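The lines below spell out each chain.
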Amino acid sequence: VPMTDDAERASRGGWVFESSSPDPVFGARDLREVYDFVAGGAYRGRCTAPLLVDTHKKRAVSNESADIARMLNDAEWPLLSSASDANEKSVQLRPASLAATIDETNDFVYSKLNNAVYRCGFA
């Protein structure tokens, strides 16, 4: 679902759904409305992307990209199994052979970039 970072159109700044491709699950106009919906009312925290939502339980699962990639990689996806071996996935978001490198890179990027930029905002 296409989204745009547009503080002027978003109800509280941030991510909005394109009018040509609205949120198909909750009918939200922007990410804040999705957070409000899964929080059961007026959400008070930061509305960050990505956001993984359990649409059956109507709750947020995670908004941390590394956790989301890990969860999606570990989930059962019958359509992603290779034709030759039903136990082998044809798509790996986090191959076991690269897991340590991926974790090390994610830790570096989070501490030196993502979190540093966040902390600068409070300096």
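Quick summary incoming for the structure in this document. (Residues numbered from 1 in each chain as written. Predicted model: local features only at pLDDT ≥ 70, side-chain atom pairs only at ≥ 80, totals over all residues. Heavy atoms only, no water.)

Before going further, it helps to spend a moment on the overall build of the protein chain. Along its length, the protein chain carries three helices and four strands. Mapped in sequence order, the helices and strands of the protein chain form the string β-β-α-β-β-α-α. Out of the 123 residues in the protein chain, the part that is buried amounts to 21%. Pairs at least 24 apart in sequence give 11% of the contacts found in the protein chain among residues at least 6 apart. When the accessible surface of the protein chain is totalled, it reaches about 8,800 Å², and 55% of it is carbon and sulfur. (Helix = DSSP H or I, 4+ residues; strand = E, 2+ residues; numbered from the N terminus. Buried < 20%, exposed > 50% of the residue type's maximum accessible area, 1.4 Å probe, protein only. Contact = heavy atoms within 4.5 Å. Areas by Shrake-Rupley, 256 points an atom, 1.4 Å probe, with all protein chains shown as cover.)

To continue, consider the pattern of salt bridges. The full count for this structure, using the stated rule, is eight salt bridges. Where Glu33 meets Arg29, a salt bridge forms, and the shortest distance between an N and an O atom there is 2.5 Å. Here Asp103 ties to Arg94 by a salt bridge, and the two come within 2.6 Å at their closest N and O atoms. Among the charged side chains, a salt-bridge network with shared partners connects Arg29, Arg32, Glu33 and Asp36. (Salt bridge = Lys/Arg side-chain N within 4 Å of Asp/Glu carboxyl O.)

As a further point, take the side chain of Asp6. Looking at the secondary structure, you find Asp6 in the loop between strand 1 (3-5) and strand 2 (15-17). Side chain to side chain, Asp6 and Arg9 meet in a polar contact 2.9 Å long. (Polar contact = N/O pair within 3.5 Å; in protein donor to acceptor, adjacent residues only side chain to side chain.)

Quick look at a nonpolar patch on the surface now. A contiguous nonpolar patch, built from Leu72, Trp77, Val91 and Leu93 and spanning about 330 Å² of accessible area, is present on the exposed surface. When its relative accessible area of 39% is taken as the criterion, Trp77 is described as partly exposed. (Patch = residues over 30% accessible without salt bridge, like charges linked within 9 Å, V, L, I, M, F, W, Y side chains within 5 Å.)

Tracing the sequence through the fold places Ser62 in strand 4 (residues 59-62). For Ser62, a relative accessible area of 10% corresponds to the buried category. From its side chain, Ser62 meets the backbone nitrogen of Glu64 in a polar contact 3.1 Å long. What Ser62 contacts, discounting residues up to four positions off in sequence, is Pro50, Leu51, Leu52, Asp67, Ile68 and Met71.

This brings us to the nonpolar core. In terms of nonpolar packing, the biggest core is built from eight residues, these being Phe17, Ala28, Leu31, Val34, Tyr35, Val38, Cys47 and Val53. A per-element tally of this core places helix 1 (residues 31-39) first, with four residues. In this structure, Leu31 is in contact with Met3, Trp15, Phe17, Cys47, Thr48, Ala49 and Leu51, ignoring residues within four places of it in sequence. (Core = buried A, V, L, I, M, F, W, Y, C linked by side-chain atoms within 4.5 Å.)

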